[in-house]
Amino acid sequence: MKSHLFFTSLIALLTLAGCASSAQDKQRQIEMLAQSRASVLSSTLPIEKGPLSVMKASANKGTVEIMMLYNTDAKGAKPIEEVIRSSMNYYCTDSEVKTNLDMGLAYRILIRNTRGQLMSNQYIDNSSCSKPANDSEKPAN
C-alpha cells in the first residue's frame, strides 16, 4: 500500500512539474515572438503616415511596445479617439496580428504629442478585441 501511495504521489508530482515546464515554455515562446515582432518593426522605422509617425518598437516580456508621435496640428489630423479606434480595429482584425494575439502576444501602443506628452497608452490583447477601445487602456508595467 505504501509503495502504491508513493508511486501515485510521484506521478502526480511529475505531472505538475511537466505542466509548470509547459507553461514556462509557452511564456518563453511568447516572449521570443514579441522580440521577433519588435525587431521586424524596428528595422523599418521610422514609419510616417500623415500626422502619425511610428518611432520605436521594443519587446517587454510578451508585449510588443510601439511608440508613436502624433501631430495634432498637422493638416488632416483626426481626434486622438478616432486614431485609437482605428488602431484597435487594425490590431483586432488583421489576420497576422490576430493570430499573434490568439497565441498570447500583446501590444502596447503609446501615442505622444509633438511635445512628448503621453496622449494614449493602449494595451491590446486577445480579450481587449471584444471590448470598446477605451476599456482596454491599462497603466504601463
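Here the residue index of a chain counts from 1 through its sequence in written order. Only residues with pLDDT of 70 or above have their local features reported here, since the model is predicted, and side-chain atom pairs are shown and tallied only from 80 upward, although totals for entire chains, interfaces and linings are computed over all residues. The basis for every side-chain value is the complete set of heavy atoms in the structure, and neither hydrogens nor water enter the calculation.

- As recorded in an unreviewed UniProt entry, the chain goes by GspS/AspS pilotin family protein and comes from Vibrio gelatinilyticus.

## Some words on the pattern of salt bridges
Point 1. What makes a salt bridge here is a side-chain nitrogen of Lys or Arg within 4 Å of a carboxyl oxygen of Asp or Glu, nothing more. Overall, the coordinates contain four salt bridges when judged by the stated rule.
Point 2. For Glu96, the salt bridge is made with Arg37, and the minimal N-O distance between the two is 3.2 Å. Highlighted residues: Glu96 in helix H3 (residues 95–103) and Arg37 in helix H1 (residues 2–42), separated in sequence by 59 residues.
Point 3. Salt-bridge contacts for Lys78 lead to Glu82; the nearest nitrogen and oxygen are separated by 4.0 Å.
Point 4. Overall, the relative accessible area of 46% leaves Lys78 in the partly exposed class. Helix numbering and strand numbering both begin at the N terminus, where a helix is a DSSP run of H or I of at least 4 residues and a strand a DSSP run of E of at least 2. The classification of residues rests on relative accessible area computed with a 1.4 Å probe and restricted to protein chains. Under 20% of the type maximum is buried, over 50% is exposed, and intermediate values are partly exposed.

## Let's talk about the state of the cysteines
Point 1. Two cysteine sulfur atoms make up a disulfide if the distance between them is within 2.5 Å. For the coordinates displayed, the defined rule picks out one disulfide.
Point 2. A sulfur-sulfur distance of 2.1 Å marks the disulfide that ties Cys92 to Cys129. Given an S-S torsion of about -85°, the disulfide between Cys92 and Cys129 has left-handed geometry. You can see Cys92 sitting in helix H2 (residues 80–93) and its partner Cys129 sitting in the segment after strand E5 (118–124), a full 37 residues away along the chain.
Point 3. You can call Cys129 partly exposed: its relative accessible area is 22%.

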